[in-house]
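The chain contents come next:
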Amino acid sequence: MKLSSILLPSLLWAACASAQYFSAGWSPGQPVPPPDDAQKAPPYAQQPYERAPTAVPSPGPAQVPPASGNAATGVGGLASLLDVNRLLTSGPVASLFGKLGLNISQAVAQSGTTLWDPRVPLITDENYEELVVNEPLTEEEEKDRVWFIIISVSAGTQNSALSRLADQSFDEAYNQTVIAGDLPNIRWGRIDYLNVTYLTTKWSVWTGPYLLVLKDRGQTLRFYKADRIRLSPDLLRELLVEELWRSTPPWKTNFAPGGKREWVLHYFAVGMKRMYDFVNRFPRWMLMIGSGMIASVVMRILHRNPAAAVPAPEQKATKAETTNTESAVSQGSSTAVTGTATGSPSKGKQRKTTRK
């Protein structure tokens, strides 16, 4: 009795424990279940131990499925074909420009680099009135406002050591001023000489680089040629901090701002700007080819061989008169010879008569 009371609960417990291994089995019409990989593994194979993570990992970005081959090839191929830099640096085009004396690869590489500090505002013909002339200021701020501007030519003459030195010194002096914060009344600016026509023409600036101290909304100008001063960030800051620029006399002539003949340079600069805007519409390679053709035509005209000299009408008349005179003389001489020949027999007869 005791034994049966013990075996009955044990059998019930074993049945409950092994119930999870029983299934209803396969019935007709159902798909064949795939074989269980866990059953194929040998009983002695041990699963690798993995340490439970201490923190819940953040869900990563969803992986975008790769585009189909046709779409990727079409978009990427079209973009690569329309890439101007890639076309210019390709073998045939680069060799063609090399024969013309241009290193197109170097030009393309330099076009993507930044030459100047982007924090310094770039002054152009279009925004000069807004930034400098019509700057919103109070009366006190207007009296103290000073613009320190560099007229740079580094964009066109990369091999100019003086231009690079001027730009580096100017940018370094600006950076030191921003850190020190001791010149709140001074604003910094840069003018690209190659892309600004009206301002440089009106100010009679025909070369560069120049340093310009501008005051009174553009009415008082002081120019400093870069090759006539010592270019260093400390000296440029000293020029501004100690206001040494006041010892330099401003540009005051009849053609300067406020002069009697300022209108002459104004209209001349307007004409030059319109001409530059018209020429700038064409690509540079087209301008280079056109200028080369015009130069070759001019050189041929200047070095052509002189034509043979055509005799003047007076010389022709003189030659005709000389010819007529010579013919008349020849006719007279022939007549005299004929007369002498016919008169000789009569003389002979007379001699015979006298002898008789």
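Okay, so let's go over this structure. What you see as residue numbers is a count from 1 along each chain, following the sequence as written. Side-chain atom pairs in this predicted model are given and counted only at pLDDT of 80 or more, local residue features only at pLDDT of at least 70, and totals for whole chains, interfaces and linings cover all residues. Hydrogens and waters are ignored; side-chain quantities use all the structure's heavy atoms.

**Observations concerning the overall build of the protein**
Keep this limit in mind: Here a strand is any run of E in DSSP of at least two residues, a helix any run of H or I of at least four, and the numbering for each starts at the N terminus. Partly exposed residues are those whose accessible area sits between 20% and 50% of the maximum for their type, while under 20% is buried and over 50% is exposed, using a 1.4 Å probe and protein chains only. Values of accessible area rely on a 1.4 Å probe in the Shrake-Rupley scheme; residue burial ignores everything except the protein chains shown.
From N to C terminus, the protein includes 14 helices and five strands. When each of the 356 residues of the protein is scored for burial, the buried share is 21%. For the protein, the exposed surface amounts to about 27,000 Å²; the carbon and sulfur share of it is 60%.

**Considerations on the packing of aromatic side chains**
Rules: Centre distance within 6.5 Å is the pairing criterion for rings of Phe, Tyr and Trp, where only the six-membered ring of Trp is used; planes under 30 degrees apart are then read as stacked, over 60 as edge-to-face, and the remainder as tilted. In this scheme, Lys NZ or Arg CZ marks a charge over a ring once it lies within 6 Å of the ring centre and within 35 degrees of the ring normal.
In the structure shown here, the tally under the stated rule is nine aromatic pairs. Pairing phenylalanine 223 with tryptophan 251 gives two aromatic rings, centres 6.1 Å apart and planes at 70°, and the pair type is edge-to-face. Taken as a pair, phenylalanine 223 in strand 5 (residues 220-225) and tryptophan 251 in the loop between helix 11 (233-241) and helix 12 (262-279) lie far apart in primary sequence, 28 residues in all. Grouping aromatic residues by their ring pairs yields a cluster made of Tyr128, Trp203, Tyr210, Phe223 and Trp251. In this structure, lysine 225 is placed above the aromatic ring of tyrosine 210, and the distance from its NZ or CZ to the ring centre is 5.4 Å.

**Quick notes on the sheet that holds strand 5**
For clarity, the threshold we go by: We treat two strands as partners when DSSP finds at least two bridges between them. Whether two residues are in contact is decided by their heavy atoms: any pair within 4.5 Å suffices. In this description, a line fitted to the C-alpha atoms serves as the axis of each element, helices being fitted only across the stretch in contact, and the angle between N-to-C directions of two axes falls anywhere from 0 to 180 degrees.
Strand order in the open sheet formed by five strands is 1-3-2-4-5, with mixed pairing between adjacent strands. The open sheet is flanked by strand 1 (122-123) and strand 5, the only strands paired with a single partner. The pairing of strand 2 (residues 146-152) with strand 3 (residues 186-192) spans seven bridges and is classified as parallel. Bridging from a neighbouring strand, valine 146 pairs with isoleucine 186 of strand 3. With respect to the sheet, helix 9 (residues 161-180) is in contact with strand 2, strand 3 and strand 4 (210-215), its orientation differing from that of strand 3 by roughly 155°. Each of strand 2, strand 3 and strand 4 is contacted by helix 11, which is oriented at about 150° to strand 2, the strand it contacts most.

**Some details on the packing of helix 9 against helix 11**
What counts is decided by this rule: Each angle gets one of four labels, with under 35 degrees taken as roughly parallel, over 145 as roughly antiparallel, 65 to 115 as roughly perpendicular, and the rest as oblique. By convention, the crossing between two helices is left-handed when the near helix turns anticlockwise from the far helix through less than a right angle, and right-handed when the turn is clockwise. Under this grouping Gly is polar, as are all residues other than the nonpolar Ala, Val, Leu, Ile, Met, Phe, Trp, Tyr, Cys and Pro and the charged Asp, Glu, Lys and Arg.
Remark: helix 9 packs on helix 11, axes separated minimally by 8 Å, with the N-to-C direction vectors making an angle of 60°. As far as their axial angle goes, helix 11 and helix 9 are oblique. By crossing handedness, the relation of helix 9 to helix 11 is classed as right-handed. For the pair formed by helix 9 and helix 11, the contact residues are Ser169, Phe170, Glu172, Ala173, Gln176, Thr177 and Ala180 on the first element and Pro233, Asp234, Leu236 and Arg237 on the second. Split by residue class, the contact of helix 9 with helix 11 holds five nonpolar, three polar and three charged.

**Observations regarding the pairing of strand 5**
The buried fraction of strand 5 amounts to five of the six residues, a majority that puts the element mostly inside the structure. Two strands pair when backbone bridges link them, and strand 4 and strand 5 are joined in this way by six bridges, in the antiparallel orientation. By the bridge assignment, valine 213 is partnered in strand 5 with arginine 222. From the end of strand 4 to the start of strand 5, which pair antiparallel, there are four residues, and aspartate 216 there has a positive phi angle of about 55°.

**Concerning empty space enclosed by the protein**
Formally: The method works on a 1 Å grid over the protein atoms by themselves. A cavity is a set of points holding a 1.4 Å probe that cannot get out, a pocket is an open set with protein on both sides within 12 Å along at least five of seven lines, and residues with an atom within 4 Å of a point line them. Grid points are joined across faces, edges and corners, and a volume is the space filled by probe spheres set on the points.
Tallied over the entire structure, the rule returns one cavity of 30 Å³ or more. Here the largest cavity defines a volume of roughly 60 Å³. Forming the boundary of the largest cavity are Val132, Glu135, Leu137, Glu142, Arg145, Trp147, Leu214, Lys215, Asp216 and Arg217. Residues belonging to the lining of the largest cavity are distributed by class as follows: four nonpolar, no polar and six charged.

**Side note on the pattern of salt bridges**
Under the convention used in this document: A pairing counts as a salt bridge when a side-chain nitrogen of Lys or Arg comes within 4 Å of a carboxyl oxygen of Asp or Glu.
Counted under the stated rule, the structure contains twelve salt bridges. Note that arginine 190 and aspartate 167 form a salt bridge whose closest N and O atoms lie 3.7 Å from each other. Taken as a pair, arginine 190 in strand 3 and aspartate 167 in helix 9 lie far apart in primary sequence, 23 residues in all. Residue aspartate 167 is classed as buried on the basis of its relative accessible area, which comes to 4%. Residues joined in a network through salt bridges with shared partners are Glu126, Lys273 and Asp277.

**A short note on the nonpolar core**
Grouped burial of nonpolar side chains is what soluble globular proteins tend to show. Note the cut-off: Definition used in this section: a nonpolar core is a set of buried Ala, Val, Leu, Ile, Met, Phe, Trp, Tyr and Cys residues joined via side-chain atoms within 4.5 Å.
Residues Ile123, Tyr128, Ile149, Ile191, Leu199, Trp203 and Leu214 are the most contacted members of the largest nonpolar core, which totals 22 residues. Listed by contribution, the elements that provide at least two residues to this core are helix 7 (128-133), strand 2, helix 10 (198-202), strand 4 and helix 12. Beyond its immediate chain neighbours, meaning those up to four positions away, isoleucine 123 contacts Tyr128, Leu131, Val132, Trp147, Ile149, Gly189, Arg190, Ile191, Val196 and Leu199.

**Side note on a nonpolar patch on the surface**
Basically, it comes down to this: Each patch is built from residues that are more than 30% exposed by relative accessible area and take part in no salt bridge. Like charges join if they lie within 9 Å; nonpolar side chains (Val, Leu, Ile, Met, Phe, Trp, Tyr) join within 5 Å.
Taken together, Trp206, Phe268, Met272, Met275, Phe278, Val279, Phe282, Trp285, Met286, Leu287, Ile289 and Met293 make up a surface patch of nonpolar side chains, about 1,200 Å² in accessible area. Contributions of two or more residues to the nonpolar patch are made by helix 12 and helix 13 (284-302). Position of leucine 287 relative to the elements: it lies in helix 13.

**Details of the side chain of aspartate 167**
To be explicit about the condition: What qualifies as a polar contact is a pair of N or O atoms within 3.5 Å, subject to a donor-acceptor requirement within protein and to the restriction that residues adjacent in sequence count only when both atoms come from side chains.
A distance of 2.9 Å separates a polar atom in the side chain of aspartate 167 from a polar atom in the side chain of serine 152. Those residues in contact with aspartate 167 that sit more than four places away from it in its chain are Trp116, Ile150, Ser152, Ser154 and Arg190.

**A word on unusual backbone geometry**
A cis geometry characterises the amide bond from glycine 208 onward to proline 209, with omega recorded as 0°. Summarising the element assignment, proline 209 is placed in the loop between helix 10 and strand 4. The backbone phi angle of serine 204 is positive, close to 60°, even though this residue is not glycine. Relative accessible area serves as the criterion here: at 31%, serine 204 is assigned to the partly exposed category. With a phi close to 55°, glutamate 243 is a non-glycine residue in the positive phi region. Its place among the elements puts glutamate 243 in the loop between helix 11 and helix 12.

Worth remembering: the numbers are spatial, not functional.
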